[in-house]
Amino acid sequence: MHICETNSSALCEQLRAAVADAPGARLSVTNNERLVPDLYLSWDDSQGAVQCHRILSEGTLLDLNVMISGEPGWVSLNIELGTASFTPGATLIAILNAQAEGLGTIRPFIRTQGPEGWESTPDWRDTAFDWEADMGYDGVKILPCSVRDDAPLAIPEGFHTLVVPLPTESFRLTLKDLRMVVIA
């Protein structure tokens, strides 16, 4: 099993355990606060205010209610996949089962930290989709990404993070399940 598959499974277990420990709890989330060791939300608060609540709802991994005022430059959900190598020609697949309101068009991508600093894998940047139009507010989205020779994903032992840019307007996101699969 590839390390990003193992890490994403562990992340899901940690999120489920948090819900089991305090079902129904409503928690305030601060900028860059780790919700579990490998998952955090971040935002630009220089141009706007973000108020985020995590609701520990049974049957979900992550239930976020985000109220935004002003115009923050960005808001993102960041899922650390770990330090790994991807073989050129392999396919990395993200599978998201979620329900959303106000999510609009999102463009997930992978950020990789290697010897040259942080770089983005452009393959997923071009995989934009309108959540509500494509998913009807509730459903499963499968996002494949082929690893090219020149992609940051192919950097030996790079540290990889799945970045899901979120709207800069108020929204609700309920992540029911998440899987990362690598086909070599």
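Residues numbered from 1 in each chain as written. Predicted model: local features only at pLDDT ≥ 70, side-chain atom pairs only at ≥ 80, totals over all residues. Heavy atoms only, no water.

Draft legend 1. Quick look at the overall build of the chain. Counting secondary structure elements, the chain contains 3 helices and 14 strands. For a compact globule of 184 residues, the expected C-alpha radius of gyration is about 16 Å, and the chain comes in at 16 Å, within 12% of that figure. The C-alpha extent of the chain, read off along each of the three principal axes, is 45 × 35 × 30 Å. When burial is assessed residue by residue, the chain has 51% of its 184 residues classed as buried. Excluding contacts between residues fewer than 6 apart, the proportion of contacts in the chain whose partners are at least 24 apart in sequence is 75%. Separation of charge centres in the chain, based on 12 positive and 25 negative side chains, amounts to 3 Å. (Helix = DSSP H or I, 4+ residues; strand = E, 2+ residues; numbered from the N terminus. Rg over C-alpha atoms; globule rule 2.2 N^0.38 Å. Buried < 20%, exposed > 50% of the residue type's maximum accessible area, 1.4 Å probe, protein only. Contact = heavy atoms within 4.5 Å. Lys, Arg positive; Asp, Glu negative; His and termini not counted. Charge placed at Lys NZ, Arg CZ, Asp CG, Glu CD.)

Draft legend 2. Representation of the pairing of strand β9 (residues 109-114) in the model. As paired elements, β9 and strand β13 (residues 158-166) share 5 bridges and run antiparallel to each other. Note on β13: the bridge partner recorded for phenylalanine 109 is valine 163. Pairing analysis gives 5 bridges linking β9 to strand β10 (residues 117-121), with the strands arranged antiparallel. Within the sheet, the bridge partner assigned to isoleucine 110 lies in β10 and is threonine 121. (Pairing = 2+ DSSP bridges.)

Draft legend 3. Layout of the pattern of salt bridges. What the rule picks out here adds up to 5 salt bridges. Note that aspartate 177 is salt-bridged to arginine 16, the shortest N-O span being 3.3 Å. Taken as a pair, aspartate 177 in strand β14 (residues 171-183) and arginine 16 in helix α1 (residues 3-21) lie far apart in primary sequence, 161 residues in all. Residue classification places arginine 16 among the partly exposed residues on the basis of a relative accessible area of 33%. A salt bridge links aspartate 63 to arginine 172, with the nearest nitrogen and oxygen atoms 2.8 Å apart. With aspartate 63 in strand β5 (residues 62-70) and arginine 172 in strand β14, this pair connects stretches of sequence that are 109 residues apart. Aspartate 63 sits in the buried class, given a relative accessible area of 3%. Each of Arg16, Asp177 and Arg179 takes part in a single network of salt bridges with overlapping partners. (Salt bridge = Lys/Arg side-chain N within 4 Å of Asp/Glu carboxyl O.)

Note that every value here comes from positions in space, so none of it alone points to a role or purpose.
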